[in-house]
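As a plain string of letters, each chain reads:
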Amino acid sequence: MRYLKILISFFVLLFLQGEIFSHLTYLGVAPDLFLVSVIVLALLEKDLKQTIFYSAFAGFMQDLASAGGYLNVISKLVVGVLASEAGERYLGDEYSLAAGLVAVFTFFLCLLGFYKLAFGYGWIVVVIYNLLMVPIFWPIFKKIYGKD
Amino acid sequence: MIRYQPFSRKRSYKSALILLLLAIFLSFSAFQDLFGVRSLLFSVIYPFEWGLAAIWKSTLSIPGSLSRIRNLMKENEELREKLKITAVNHLRLEELQKENERLRQILGFKSRSYLKLLPAEVIARESPPGFHLLIIDKGERAGVKKDQPVLVEEGLVGKVIEVFPFSAKVLLLVDASLAVAAVDQRTRAFGVAVGDNSFGLDLKYVPLTAEIQEGDRIVTSSLSYFAPPGIPVGTVTKVSKRQNEMFYQVKVKPLVDFNRLEEVFIAL
């Protein structure tokens, strides 16, 4: 049942990203909901193998609706594994770790050119926008991805 | 004694690495479509996405529908009147078109065929952090093919980049990975319009010898590999030149509002 809930959540995210957040762009930038979901999922899902599967699937879903190759599979997979590792070692609360990881990974993905940005400081907008998604989606993701 | 651990982290790293290498290989190989699996999966997702989009659009339209019906009736009357006038003008244009074709024949020019347009509805879109993309509800079954231009009445929207049986992906003109050969309608100064990733365009490679100014209209050139010539692209908003550069820096504001696209036309 949990598998199904997670997979359905990716469908919904695809819809939210494509139908709603694409209209809520700021300076041409929209948030990456899949990145936030992969990080939260990696922190709540203790099993690395499951994290890898879900991260790759989330990236694949995003790539299906995107152009070109499988860059989202690559980025989400790496983010999922690293977030899971960070979660293993971190003793504080998961919410602050999720926010921190969203900021760090968004910055690095911008740096590596995974995001198409119109101007040099565009990464700040993406980081802030993605960070804003954490308090909004944390309780929802926790309910869907949590094991309890 | 150490026993077999079914979900050890070490094994998981191996599977992550395999998936990663596979994704890298597929991204840069000719098998991106995964032998049709990608198209098939997208066709499976399509009804859900279409359904959710339809529910969303109808939910949004409920509050204003009653007042809109009254407005629509009035608008309908006005449009009928306009249509009558347009029909007369259309006859004149047909005459001019025939005359133009005759003259082109006399001068030995190749005659230009007129566009056959297929209307399509936008069912989803993607904005950065990804590509500037639209997903439309017409695909292979409706005769859509890769690289066909997509337009609206205001001008060029983009081009079809991926086709599925019942849907297609359209890369918008404002995406930096799409370029279209364009000319200044007034002076015929040539350039290449490229998206700036921020819902604007840059007209590149306009030589300093060319004449171009703010307010000029930019249209597609006959050199464009996907768009027919003469389709409006945008209006010049800024022209500047830097020292030691051979070309102007030209900013173009697209005529199309890419955030409000709901219906588009594919030029077949």
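Further up the page is the structure itself.
Below, the structure is looked at part by part. In this text the structure is predicted, and so the values were computed from the model without any measurement. (Residues numbered from 1 in each chain as written. Chains lettered and ligands numbered in written order. Predicted model: local features only at pLDDT ≥ 70, side-chain atom pairs only at ≥ 80, totals over all residues. Heavy atoms only, no water.)

1. Here we look at the sheet that holds strand E5 (residues 168–172) of chain B
Residues and elements named next belong to chain B. Here we have six strands rolled up into a closed barrel, ordered E1-E2-E5-E4-E3-E12, and antiparallel in their pairing. Taking the axes of each pair of neighbouring strands and ignoring which way they run, one obtains an average angle of 45° across the sheet. Alignment of strand E2 (residues 133–136) against E5, held across four bridges, turns out to be antiparallel. In the sheet register, Ile136 faces E5, and the bridge partner there is Ala168. (Pairing = 2+ DSSP bridges. Helix = DSSP H or I, 4+ residues; strand = E, 2+ residues; numbered from the N terminus. Axes fitted to C-alpha atoms, helices over the stretch in contact; angles between N-to-C directions.)

2. Digging into the side chain of Ser55(A)
Mapped onto the elements of the fold, Ser55(A) is located in helix H3 (residues 48–64). Setting aside residues up to four positions removed in sequence, Ser55(A) forms contacts with Val38(A), Lys76(A), Leu77(A) and Gly80(A). (Contact = heavy atoms within 4.5 Å.)

3. So, the pattern of salt bridges
Oppositely charged side chains are able to pair whenever their charged atoms sit close together. Residues and elements named next belong to chain B. Following the criterion strictly, the structure yields 13 salt bridges over all chains and no others. The shortest N-O distance in the salt bridge between Lys84 and Glu81 comes to 3.5 Å. With Lys84 and Glu81 both in helix H3 (residues 65–107), this residue pair falls three residues apart, about one helical turn. Lys84 gets classed as exposed once you look at its relative accessible area, which sits at 54%. According to the relative accessible area criterion, Glu81 is partly exposed, its value standing at 47%. Across the salt bridge formed by Asp257 and Arg260, the nearest N and O atoms sit 3.2 Å from each other. A single network of salt bridges, built from pairs that share partners, joins Arg186, Glu211 and Asp216. (Salt bridge = Lys/Arg side-chain N within 4 Å of Asp/Glu carboxyl O. Buried < 20%, exposed > 50% of the residue type's maximum accessible area, 1.4 Å probe, protein only.)

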